[in-house]
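Fold and contact review
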Amino acid sequence: MIAPDWFREDRLPHIYCTGCGNGTVINCTLAAVEEMGWKRDETVFVSGIGCSSRAPGYILTDSLHTTHGRALAFATGVKMARPDFNVVVFTGDGDLAAIGGNHFIHACRRNVDMTVVCMNNHIYGMTGGQGSPTTPPGAISTTTPYGASEPAFDLAELAVAAGANYVARWTSYHVKELTKAVAAGMQTPGLAFIEVRTQCPTNYGRHNKLRSVPAMIEHLRSHAMLVEKRDRLVREGRPVPEDTFTVGELVRRNRPAMGVRR
Amino acid sequence: MKLVIDESRCKGCNLCVLVCPYGIFREGTELNSRGIVSPVLDRPERCTNCRLQALYGRMLCGVCHMICPDQAIAWVEERPFEPHRVEVEF
Ligand SMILES: Cc1ncc(C[n+]2csc(CCOP(=O)(O)OP(=O)(O)O)c2C)c(N)n1
Ligand code: SF4
Ligand code: SF4
Ligand code: SF4
Ligand SMILES: [Mg+2]
């Protein structure tokens, strides 16, 4: 088992549906934590509300399962009170970008020294599949029965624009790359934002012709394009396929940060 | 070392079937006591981890283990002298 010192094995199997990507994201995050060699009693996991936000409940450290959208506000508080702690936030697309949108951009602007892992499943999973700010145009959800008509947020680009020191995006298929990105984010002082496109077979896949779990993963894999490749296409003036999203490291920089361990 | 699926955790998503480069996991057909169809293992001793994990002192490949959303895949110590076929692949 990955990171046996960090999983609360007595709580497994977890409540996630068959093939839910959240379990994979926990694996990769804990593998990165293990690589960092952090101490359990100096590490705090913080989350808001949602399926994704239940993740800290399966981890053996102290954690805060807070109110919907406010994970980053609580995490900022932890970091300000105890800059010597390692703070990791698990959040969902709804939690982070809908109700928590303002906390998100301001935490990035302040560059609070923590690692934010967003499990972006393009839907409100926990409450039965309502559309979220990342639901792609055309996708069916319970609140967009004729297909979403609004443009979706690109969470990683939003974090770059708002000032975070480290931003990367991967999917729950890219387990090795994701683990490396989370570890790189943890090493970077300031806010590290890692967006993970994950599958919610129950509330997203079922309504969008991606009923089986392997079909959902295959969809994520085949629509992911490396940033380097995207940049090359742009440089060469060739068209970038419209329904792809970039994966890879989008930014790593050294802007002034808050709450960095002295 | 021996590759095992912990059937008390596996939910039968078949992601391991999708990722293993050797095709060691095969979609199962029978319901287990929890009402789940877990994958079956096809000659699991072909996995590099079974032979070399102890020697190298680290996980090799391991993508099934990383992607398994239910933490159900593990390598356990074999009891001494468990019989199994050895196959050499070229
Ligand atoms: C203040 C408040 N408003 C609304 C809710 C209902 N609610 C619970 S979870 C959720 C959406 C979660 O979506 P997301 O963050 O994407 O998590 P997922 O379940 O998809 O992982 C909502 C709207 C709530 N719990 N609290
Ligand atoms: S509803 Fe979706 S996000 Fe929630 S546990 Fe099920 S598959 Fe995962
Ligand atoms: S570690 Fe790799 S080779 Fe071994 S069973 Fe898993 S996916 Fe297959
Ligand atoms: S990936 Fe894990 S939970 Fe899914 S079928 Fe394989 S062993 Fe079972
Ligand atoms: Mg969601």
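For the structure itself, look to the data block above.
This text gives an overview of the structure that appears in the document. (Residues numbered from 1 in each chain as written. Chains lettered and ligands numbered in written order. Predicted model: local features only at pLDDT ≥ 70, side-chain atom pairs only at ≥ 80, totals over all residues. Heavy atoms only, no water.)

1. Topic: the packing of helix H1 (residues 22–36) of chain A against helix H6 (residues 175–187) of chain A
Residue and element names in this part refer to chain A. For the record, the criterion: Axis definition: a line fit to C-alpha positions, over the contact stretch in the case of helices; interaxial angles, taken between N-to-C directions, run 0 to 180 degrees. Counting from the N terminus, the helices are DSSP H or I runs at least four residues long and the strands are E runs at least two residues long. In this scheme, roughly parallel covers angles under 35 degrees and roughly antiparallel covers those over 145, while 65 to 115 is roughly perpendicular and the rest are oblique. Throughout, a crossing is termed right-handed when the near helix is turned clockwise from the far one, and left-handed when it is turned anticlockwise from it by less than a right angle. Contacts are assigned to residue pairs with any non-hydrogen atoms lying within 4.5 Å of each other. Classification used: nonpolar for Ala, Val, Leu, Ile, Met, Phe, Trp, Tyr, Cys and Pro, charged for Asp, Glu, Lys and Arg, polar for all others including Gly.
Contact geometry for H1 and H6: axes closest at 8 Å, N-to-C directions at 50 degrees. Classed by the angle they form, the pair H1 and H6 counts as oblique. Here the hand of the crossing between H1 and H6 comes out right-handed. Residues Thr24, Cys28, Thr29, Ala31, Ala32, Val33, Glu35 and Met36 of H1 form the contact with H6, whose participating residues are Val175, Leu178, Thr179, Val182, Ala183, Met186 and Gln187. Looking at side-chain class alone, the contact of H1 with H6 contains 10 nonpolar, four polar and one charged residues.

2. Things to note about the nonpolar core
Spelled out, the test is: In this description, a nonpolar core means a group of buried Ala, Val, Leu, Ile, Met, Phe, Trp, Tyr and Cys residues linked to one another through side-chain atoms lying within 4.5 Å. Relative accessibility under 20% of the residue-type maximum defines a buried residue, over 50% an exposed one, and the middle range a partly exposed one, all with a 1.4 Å probe and only protein chains included.
Within the largest apolar cluster, 62 residues are counted, with the highest numbers of intra-cluster contacts made by Trp6(A), Ile26(A), Leu30(A), Phe45(A), Phe25(B) and Ile73(B). Discounting residues that sit within four places of it in the chain, Phe25(B) has contacts with Leu3(B), Ile5(B), Cys16(B), Val17(B), Cys20(B), Pro39(B), Val40(B), Leu41(B), Cys64(B) and Ile73(B). Formed by 28 residues, the second largest nonpolar core is a distinct cluster that contains Phe104(A), Val112(A), Ala162(A) and Val251(A).

3. A short note on the sheet that holds strand E5 (residues 166–171) of chain A
Residues and elements named next belong to chain A. Selection criterion: Only when DSSP finds a minimum of two bridges between them are two strands counted as paired.
Pairing within the open sheet is mixed, and its eight strands lie in the order E2-E1-E3-E4-E6-E5-E8-E7. Every interior strand has two partners, whereas the edge strands, strand E2 (62–65) and strand E7 (224–226), have only one. Across this sheet, the average inter-strand angle for adjacent strands is 20 degrees, counted without regard to direction. Packed onto the sheet, helix H8 (residues 227–235) meets E7 and strand E8 (245–252) and runs at close to 75 degrees relative to E7.

4. Regarding the packing of aromatic side chains
Residue and element names in this part refer to chain A. Here is the rule: Within 6.5 Å between ring centres, the rings of Phe, Tyr and Trp (the latter by its six-membered ring) count as paired, and their orientation is classed by plane angle as stacked under 30 degrees, edge-to-face over 60, tilted in between. Counted as over-ring charges are cases with an Arg CZ or a Lys NZ within 6 Å of the ring centre that also lie within 35 degrees of the ring normal.
Scanning all chains against the criterion turns up three aromatic pairs over all chains. With centroids separated by 5.8 Å and ring planes inclined at 10 degrees, the aromatic side chains of Phe45 and Phe90 adopt a geometry described as stacked. Of this pair, Phe45 sits in strand E1 (residues 43–47) while Phe90 sits in strand E3 (residues 86–92), placing them 45 residues apart in sequence. In this structure Phe90 comes out as buried when scored by relative accessible area, which is 0%. Stacked on the ring of Phe245, the Lys or Arg Arg197 has its end atom at 4.4 Å from the ring centre.

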